[in-house]
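An overview of the molecular structure
Here's the letter readout for the chains.
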Amino acid sequence: MNCPKCGAQLLAGATFCGGCGSKVEAAASAPPAGFAQPHGINIDADSRGQGVGYNYEVLHQPAFSLAVIQLQAEQSIQAEAGAMVSMSANVELQSQMKGGLFGAIKRAAGGESAFVSTFTARGGPGEVTFAPGAPGDIAAIELNNQNFFVQSSSYLAGDASLTVDTKWGGAKSFFGGEGLFVLLVQGRGLL
């Protein structure tokens, strides 16, 4: 659910919006009587929301999408190497091989770059924009201590708290046209 005033994504059961601070009606955020709180993957419907320490908006959908990330001071987001389109001058970029040499080899086998970039706003708020390597859309997926499999070369960015690992997809994945490896994204945060 999103805030009716500013459109920011709300946490389940929230009484105030984390983006603008306005009060949210309790009836709007609670599930109807007799229905359980839904479980599973939550995909953002309006292409705007917030993650841990940042707000995002996806522009130019559906074919040439661009994710605009507004980082708060000293906050970070991780992205696939080569996904960055632009960044403000105070955003620090660090690229590293996650998981060491073996982890880099696994990521490269999964169709991703061997390096992961971390963008951190230093000394104040900053902005960074990301786009996929080929024309296509961007969807924000909120993970709540879940596993999510991503087709190789489809990972763009995510919260710094998420773990991205390459897994063997097997024959089903290979004959399904997805390749031999898939990416496994785990944890709590926005993908």
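Just so it is clear, the model here is predicted, and its values are computed rather than measured. (Residues numbered from 1 in each chain as written. Predicted model: local features only at pLDDT ≥ 70, side-chain atom pairs only at ≥ 80, totals over all residues. Heavy atoms only, no water.)

**Looking at the overall build of the protein**
Inclusion rule: The way it works is that DSSP assigns letters per residue, a run of H or I at least four long becomes a helix, a run of E at least two long becomes a strand, and they are numbered from the N terminus. For every residue, the accessible area obtained with a 1.4 Å probe (protein chains only) is divided by the maximum for its type, and the residue is called buried under 20%, exposed over 50%, and partly exposed between those limits. Should any heavy atoms of two residues lie within 4.5 Å, those residues are counted as being in contact.
When its secondary structure is counted, the protein shows three helices and 13 strands. Across the 191 residues that make up the protein, the buried fraction comes to 38%. Across the protein, contacts joining residues at least 24 apart in sequence account for 65% of those joining residues at least 6 apart.

**Details of unusual backbone geometry**
The omega angle of the peptide bond from Gln-61 to Pro-62 is 5°, so this bond is cis rather than trans. Here Pro-62 lies in the loop between β3 (54-59) and β4 (66-71). Phi at His-60 takes a positive value of approximately 65°, unusual for a residue other than glycine. In this structure, His-60 sits in the loop between β3 and β4. Given a relative accessible area of 54%, His-60 falls into the exposed group. The phi angle at Glu-74 is positive, at roughly 65°, despite the residue not being glycine. Counting through the fold element by element, Glu-74 comes out in the loop between β4 and β5 (76-80). For Glu-74, a relative accessible area of 43% translates into the label partly exposed.

**Concerning the pairing of β5**
Our working rule: Paired strands, as defined in this entry, are two strands with at least two bridges between them according to DSSP.
Of all five residues in β5, four are buried; the element is thus mostly enclosed. Pairing geometry for β5 and strand β8 (residues 116-121), over five bridges, is antiparallel. Across the sheet, Glu-80 pairs through a bridge with Val-116, a residue of β8. Where β5 lies against strand β11 (residues 157-159), three bridges are found, and the strand directions are antiparallel. By the bridge assignment, Ala-79 is partnered in β11 with Ala-157.

**Quick look at the layout of surface pockets**
Just so we agree on the cut-off: Detection works on a 1 Å grid of protein atoms alone, calling trapped sets that fit a 1.4 Å probe cavities and calling open sets with protein on both sides within 12 Å along at least five of seven lines pockets, with lining residues defined by an atom within 4 Å of a point. Grid points are joined across faces, edges and corners, and a volume is the space filled by probe spheres set on the points. Side-chain classes follow a simple rule in which Ala, Val, Leu, Ile, Met, Phe, Trp, Tyr, Cys and Pro form the nonpolar group, Asp, Glu, Lys and Arg form the charged group, and the remainder, Gly included, forms the polar group.
Within this model, the second largest pocket holds a volume of roughly 590 Å³. Lining the second largest pocket are 36 residues; nearest its centre among them are Ile-138, Ser-154, Tyr-155, Leu-156 and Ala-157. For the lining of the second largest pocket, the secondary structure elements donating two or more residues are β3, β4, β5, β10 (141-151) and β11. Of the residues forming the lining of the second largest pocket, the biggest block, four residues, is contributed by β10. Taken together, the residues of the lining of the second largest pocket sort by class into 25 nonpolar, eight polar and three charged.

**Regarding the pairing of β8**
Regular strands show a simple pattern: their side chains alternate between the two faces of the sheet. Of all six residues in β8, six are buried, a share of seventy percent or more. With burial as the criterion, each face of β8 is covered, one bearing Val-116, Thr-118 and Thr-120 and the other bearing Ser-117, Phe-119 and Ala-121. In this structure, strand β7 (residues 91-96) lies alongside β8, joined through six bridges in antiparallel fashion. Of the residues in β8, the one forming a bridge with Gln-94 is Thr-118.

**Things to note about the nonpolar core**
Put simply, the rule is: Here, the term nonpolar core denotes a set of buried Ala, Val, Leu, Ile, Met, Phe, Trp, Tyr and Cys residues that are joined through side-chain atoms within 4.5 Å.
The biggest cluster of nonpolar side chains holds 19 residues, and the ones touching the most others in it are Ile-69, Ile-77 and Phe-130. Leaving out residues up to four positions away in the same chain, Ile-69 has contacts with Tyr-54, Asn-55, Tyr-56, Ile-77, Gly-126, Glu-127, Val-128 and Phe-130. Phe-148, Val-150, Val-164 and Leu-191 belong to the second-largest nonpolar core, a separate cluster that totals 10 residues.

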